[in-house]
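Okay, here's what each chain looks like letter by letter:
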Amino acid sequence: MPRSGARCLAGGAVLGALMAVAAGWGAFYEAAVRGWLPANADAKPPALEKWIANKALDAVILREAPTRPNPLKLDDRNLIGGIRLYAANCAVCHGASDGRPSRIASGLYQKAPQLARYGVEDDEDGDVYWKVAHGIRMTGMPSFNGSLADRQIWQIVLFLKNMDSLPPEAQKAWEAVPSAAPRAVAGRGNSTSSKEKRS
Ligand code: HEC
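Residues numbered from 1 in each chain as written. Predicted model: local features only at pLDDT ≥ 70, side-chain atom pairs only at ≥ 80, totals over all residues. Heavy atoms only, no water.

Honestly, the coordination of the iron atom of the ligand in this entry has me stumped. Any pointers?
Note on metal geometry: ideal angles are 109.5 degrees for four donors arranged tetrahedrally and 90 or 180 degrees for six donors arranged octahedrally. Note on the iron atom of the ligand: its protein donors are H94 (NE2) and M141 (SD). The metal-donor distances range over 2.0 to 2.1 Å. Around the iron atom of the ligand, the 6 donor atoms sit at angles spanning 88 to 177°, and that spread fits a shape best called octahedral. One end of the pair, H94, is in helix 4 (residues 91–94); the other, M141, is in the loop between helix 6 (125–134) and helix 7 (150–161), and 47 residues separate them in sequence. By relative accessible area, which is 13% here, H94 ends up buried. (Donors = N, O, S within 2.8 Å, 3.2 Å for Na, K, Ca; no water. Tetrahedral: all angles 85-135°; square planar, octahedral: opposite > 155°, others 65-115°. Helix = DSSP H or I, 4+ residues; strand = E, 2+ residues; numbered from the N terminus. Buried < 20%, exposed > 50% of the residue type's maximum accessible area, 1.4 Å probe, protein only.)

Mind showing me how you'd approach the pattern of salt bridges here?
Considering all chains together, one arrives at 3 salt bridges under this definition. Residue R34 pairs with E30 through a salt bridge whose shortest N-O separation is 2.5 Å. Under the relative-accessibility criterion, R34 is labelled exposed at 52%. Exposure remark for E30: the relative accessible area of 30% places this residue in the partly exposed category. With a shortest N-O distance of 3.5 Å, E169 and K172 are connected by a salt bridge. On the criterion of helical spacing, the pair formed by E169 and K172 is a turn pair, its members being 3 residues apart in helix 8 (residues 168–175). Looking at K172, the relative accessible area reads 55%, which means it is exposed. (Salt bridge = Lys/Arg side-chain N within 4 Å of Asp/Glu carboxyl O.)

I'm lost on the nonpolar core in this one. Help?
As a rule of thumb, nonpolar side chains are buried together in soluble globular proteins. Counting 29 residues, the largest nonpolar core has I83, Y86, I153, F159, L160, L166 and W174 as its most contacted members. Secondary-structure elements contributing two or more residues to this core are helix 3 (76–89), helix 6, helix 7 and helix 8. Among the elements that make up this core, the one with the highest residue count is helix 7 (7 residues). Leaving out residues up to four positions away in the same chain, L166 has contacts with L79, I83, F159, Q171 and W174. (Core = buried A, V, L, I, M, F, W, Y, C linked by side-chain atoms within 4.5 Å. Contact = heavy atoms within 4.5 Å.)

Just checking my understanding: could you explain the site of the ligand for this structure?
Near the ligand there are 20 residues, and of these C90, C93, H94, K131 and M141 occur at the shortest range. Separating a nitrogen atom of the ligand from a side-chain N or O atom of H94 is a distance of 2.8 Å. Within the side chain of K131, an N or O atom sits 2.8 Å from an oxygen atom of the ligand. Listed by contribution, the elements that provide at least two residues to the shell around the ligand are helix 4, helix 6 and helix 7. Classifying every residue of the shell around the ligand gives 13 nonpolar, 5 polar and 2 charged. (Near = heavy atom within 4 Å. Polar contact = N/O pair within 3.5 Å; in protein donor to acceptor, adjacent residues only side chain to side chain. Nonpolar A, V, L, I, M, F, W, Y, C, P; charged D, E, K, R; others polar.)

For this particular structure, what's the right way to read a nonpolar patch on the surface?
Together, V21, W25, F28 and L37 give the surface a local cluster of nonpolar side chains, amounting to about 440 Å² of exposed area. Within the element layout of this structure, F28 appears in helix 1 (residues 3–33). (Patch = residues over 30% accessible without salt bridge, like charges linked within 9 Å, V, L, I, M, F, W, Y side chains within 5 Å. Areas by Shrake-Rupley, 256 points an atom, 1.4 Å probe, with all protein chains shown as cover.)

So what exactly am I meant to see when it comes to the packing of aromatic side chains here?
Aromatic ring pairs are described here by two measures, namely the spacing of the ring centres and the angle between the planes. According to the stated counting rule, one finds 5 aromatic pairs in the structure shown. A centroid spacing of 5.7 Å and a plane angle of 85° characterise the contact between W25 and F28, whose relative ring orientation is edge-to-face. Taken as a pair, W25 and F28 lie in helix 1 at a separation of 3 residues, close to a single helical turn. Of the residues examined, W25 reaches a relative accessible area of 59% and is grouped as exposed. (Phe/Tyr/Trp six-rings, centres within 6.5 Å; stacked < 30°, edge-to-face > 60°.)

Below, the structure is given as structure tokens:
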């Protein structure tokens with residue numbers, strides 16, 4: 001083929017690709033403004049959506065998460081500090097030691113793992129640190145690097161990594177964190193609505 005013909009073919013292919021991208025964006029825009037894209041939280045996340053989100057998250061963590069181990073000493077002071085911070089900031093979504101979800105956790109999209117049951121003990125320190133510090137976009141998982149000190153985040157990471165093998169004092173503190181589940185709230189007698197009692 002003469003050189004000008006080959007150039008013409010390549011130009012056509014590029015133009016075709018650009019038109020396909022433009023058509024794709026056009027269709028996406030149309031679907032969004034017409035309300036055809038799902039925006040509700042009371043649905044099960046489709047497998048493809050989960051796959052893409054997890055791939056993107058793993059890739060960012062691989063690039064950005066600190067590779068150094070936890071700088072804090074594994075002792076009761078740091079563990080119990082981490083447990084208190086967890087109780088105040090995380091249990092509403094990730095549950096207490098009974099692993100039972102709160103109403104907030106049950107209604108989230110994506111679902112928040114109940115960490116007493118699906119823990120992160122086997123994950124790298126730096127990966128857990130990254131998730132707590134930066135949060136996970138388009139899920140309920142907040143970023144805490146604007147509201148907790150670096151040392152506090154590492155205390156929480158220390159607790160999460162050792163949740164299944166806590167020394168006795170820390171274990172006692174963990175079991176004392178009130179359940180996040182509705183029944184426990186009703187059981188403590190500070191609920192008056194009939195809906196609370198029925199659940
Ligand atoms: C408002 C709800 C909410 C709060 C509060 C919250 N999280 Fe999350 N968290 C989530 C959700 C939802 C996910 C799942 C994100 C996903 O599907 O990728 C998540 C994911 C995580 C993960 C990753 C779990 C895994 O299996 O990889 C960790 C670790 C975590 N959160 C720790 C924490 C800690 C520690 C706190 C408190 C300092 C906290 N979260 C507070 C909602 C929350």
